[in-house]
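Report on the structure
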Amino acid sequence: MATSNEILVQHPESHARILGQLAGCVDACLECAQACTSCADACLATGEASALASCIRANLDCADIAGVTARLLSRQTETDWYLAISVLDTCIHACEICAEECDAHGERYAHCRTCAQACKESADACRRLMGELPQPTDVF
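Residues numbered from 1 in each chain as written. Predicted model: local features only at pLDDT ≥ 70, side-chain atom pairs only at ≥ 80, totals over all residues. Heavy atoms only, no water.

**Quick notes on helix α3 (residues 53-74)**
Relative to the 32 Å expected for 22 residues at 1.5 Å per residue, α3 spans 32 Å between its end C-alpha atoms, a close match to the ideal helical length. Looking only at α3, the buried set comprises Cys55, Ile56, Ala58, Asn59, Cys62, Ala63, Ala66, Gly67, Thr69, Ala70, Leu72 and Leu73. (Helix = DSSP H or I, 4+ residues; strand = E, 2+ residues; numbered from the N terminus. Expected span 1.5 Å × (residues − 1). Buried < 20%, exposed > 50% of the residue type's maximum accessible area, 1.4 Å probe, protein only.)

**Topic: unusual backbone geometry**
Here glutamate 78, not a glycine, exhibits a phi torsion of approximately 50 degrees, which is positive. Following the sequence through the fold, glutamate 78 ends up in the loop between α3 and α4 (81-105). By relative accessible area, which is 73% here, glutamate 78 ends up exposed.

**Re the side chain of serine 122**
Looking at the element boundaries, serine 122 is found in helix α5 (residues 110-132). Assessed through its relative accessible area of 0%, serine 122 is described here as buried. With residues up to four places along the chain from it excluded, the contact list for serine 122 reads Ala28, Cys29, Cys32, Cys91 and Cys95. (Contact = heavy atoms within 4.5 Å.)

**Description of the pattern of salt bridges**
Under the counting rule described, the total for this entry stands at five salt bridges. Among the salt bridges present, the one from arginine 108 reaches glutamate 48, with a minimum N-O distance of 2.8 Å. Here glutamate 48 lies in the loop between α2 (19-45) and α3 and arginine 108 lies in the loop between α4 and α5, a separation of 60 residues in the sequence. Arginine 108 gets classed as exposed once you look at its relative accessible area, which sits at 58%. Glutamate 48 gets classed as partly exposed once you look at its relative accessible area, which sits at 25%. One salt-bridge network, in which partners are shared between bridges, spans Glu96, Asp124 and Arg127. (Salt bridge = Lys/Arg side-chain N within 4 Å of Asp/Glu carboxyl O.)

Written as structure tokens, this is what we have:
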């Protein structure tokens, strides 16, 4: 059992109905943040940082947003569903931008291929979780 799933299950206010999707999304966002951080660093090490500036920027933006998304989703006490949905939507957008940018460099750089895949998986996990969340009209 992954640590995120284990700790989320143990939370006294666990969102049991969506726990599988929630833990999967947290894990995917954390993996994405790590992949994007490493990809940005690898892009810097190529000696072609100026040519990869857009990729590095997309990596860093996505890493930050995916990390924030994972941390926000890990907090189950008094969840603000409007905020959760907004952050998930933002994460999907950041992941799509980064995946597209990394795909453009993927033939030349393996780290960009790996990062693009992590971004796509994170975006998919965010979409799956959003599909399970209560709609604001159901909550408010």
